[in-house]
Amino acid sequence: GMTESQIVCTDDGGITWHDATPAASAQFGYIPFVFLDARDAWILLPADDYITGTLFHTTDGGSTWTSGVVPFAHGSLQFLDSQNGFVLASLGAGAGSQAVALFQTSDAGFTWTRVFINDPTVSGASDSLPLGGQKYGFTFLNASRGWMGGSAPIDNYIYLYQTRDGGANWSG
């Protein structure tokens, strides 16, 4: 579980809880996290620059944590298993638009590869996912196939895009 200041863990169905917080100075209430199972978890803390962050990872239920700097500060996390995961990082929103980048890992989050970006100020950006609208969620079935949903600033308008190549290209 997560409180404002601690990561807590139970081994007896919730009767007792113990502190499993990584060695980090942060408030945990609103940070991206994913608990894959009782042993594997990832927690993302933004750096002061709000461009990069630190990803904490445990494989023993929070007894020990490893950490590393990552090229994103905020985002939605999804891990398919203990090694393969994705982060949908928000790059900023304004005037009814939201730029995002999708990162992928196959080594439990130690290294990340940017597989997609729709920010028109970045060379090589893609437009297969719209810049317009807010991206509300994503999910991957496996390392190749996934979906992303959102809405544009038009009454009763939502969209759903899919990828079949790990997020490099999207179609509506």
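Scroll up to find the structure.
Residues numbered from 1 in each chain as written. Predicted model: local features only at pLDDT ≥ 70, side-chain atom pairs only at ≥ 80, totals over all residues. Heavy atoms only, no water.

**Student:** Could you give an account of the sheet that holds strand β6 (residues 66–70), naming the residues involved and the relevant values?
**Tutor:** Each strand in a sheet pairs with another by means of backbone hydrogen bonds, the pair being arranged parallel or else antiparallel. Within the open sheet, the 4 strands sit side by side as β3-β4-β5-β6. Their pairing is antiparallel. Unpaired on one side and paired on the other, β3 (33–35) and β6 mark the two borders of the sheet. Adjacent strand axes in the sheet meet at a mean angle of 15°, parallel and antiparallel pairs treated alike. (Pairing = 2+ DSSP bridges. Helix = DSSP H or I, 4+ residues; strand = E, 2+ residues; numbered from the N terminus. Axes fitted to C-alpha atoms, helices over the stretch in contact; angles between N-to-C directions.)

**Student:** Please provide a residue-by-residue account of the packing of aromatic side chains, values included.
**Tutor:** Taken as a whole and assessed by the stated rule, the structure comprises 9 aromatic pairs. Between Trp 42 and Phe 79, the aromatic rings sit 3.6 Å apart at their centres with planes inclined by 5°, giving stacked as the arrangement. Highlighted residues: Trp 42 in strand β4 (residues 41–46) and Phe 79 in strand β7 (residues 76–79), separated in sequence by 37 residues. Each member of the pair, Trp 42 together with Phe 79, is buried. Ring centres of Phe 116 and Trp 170 lie 6.5 Å apart, and the angle between their planes is 80°; this geometry places the pair in the edge-to-face category. With Phe 116 in strand β10 (residues 113–117) and Trp 170 in the segment after β13 (158–163), the pair connects residues that are 54 residues apart, well separated along the chain. Each member of the pair, Phe 116 together with Trp 170, is buried. (Phe/Tyr/Trp six-rings, centres within 6.5 Å; stacked < 30°, edge-to-face > 60°. Buried < 20%, exposed > 50% of the residue type's maximum accessible area, 1.4 Å probe, protein only.)

**Student:** Tell me what's going on with the environment of His 18, and back it up with residues and numbers.
**Tutor:** Along the polypeptide, His 18 turns up in strand β2 (residues 18–19). It is 9.7 Å that separates the C-alpha atoms of His 18 and Gly 62, two residues lying 44 residues apart in sequence. Setting aside residues up to four positions removed in sequence, His 18 forms contacts with Ile 7, Val 8, Cys 9 and Asp 11. (Contact = heavy atoms within 4.5 Å.)

**Student:** Could you give an account of the environment of Tyr 50, with specific residues and numbers?
**Tutor:** The residue Tyr 50 is located in the loop between β4 and β5 (53–58) in this model. Looking at Tyr 50, the relative accessible area reads 56%, which means it is exposed. On a C-alpha basis, the gap between Tyr 50 and His 74 in space is 7.7 Å, while along the polypeptide they are 24 residues apart. Among all residues touching Tyr 50, those that are not within four sequence positions of it are Ala 73 and His 74.

**Student:** Explain the layout of surface pockets to me, using residue names and the numbers behind them.
**Tutor:** Here the largest pocket defines a volume of roughly 280 Å³. Lining of the largest pocket is provided by 21 residues; of these, Val 8, Cys 9, Ala 38, Arg 39 and Gly 61 occupy positions nearest its centre. Class assignment of the residues belonging to the lining of the largest pocket gives a composition of 9 nonpolar, 7 polar and 5 charged. (1 Å grid on protein atoms, 1.4 Å probe; cavity = no way out; pocket = protein on both sides within 12 Å on 5 of 7 lines; lining within 4 Å. Points joined across faces, edges and corners; volume = space filled by probe spheres on them. Nonpolar A, V, L, I, M, F, W, Y, C, P; charged D, E, K, R; others polar.)

**Student:** Any chance you could break down empty space enclosed by the protein for me, citing the residues and the numbers?
**Tutor:** By the definition in use, this model includes 1 cavity of 30 Å³ or more. The space that makes up the largest cavity amounts to roughly 70 Å³. As for the largest cavity, its lining consists of Trp 42, Leu 55, His 57, Thr 66, Ser 67, Gly 68, Val 69, Val 70, Ala 108, Gly 109 and Phe 110. Looking at the lining of the largest cavity, the elements with two or more residues in it are β5 and β6. Tallying contributions element by element places β6 first for the lining of the largest cavity, with 5 residues. In terms of residue class, the lining of the largest cavity is made up of 6 nonpolar, 5 polar and no charged.

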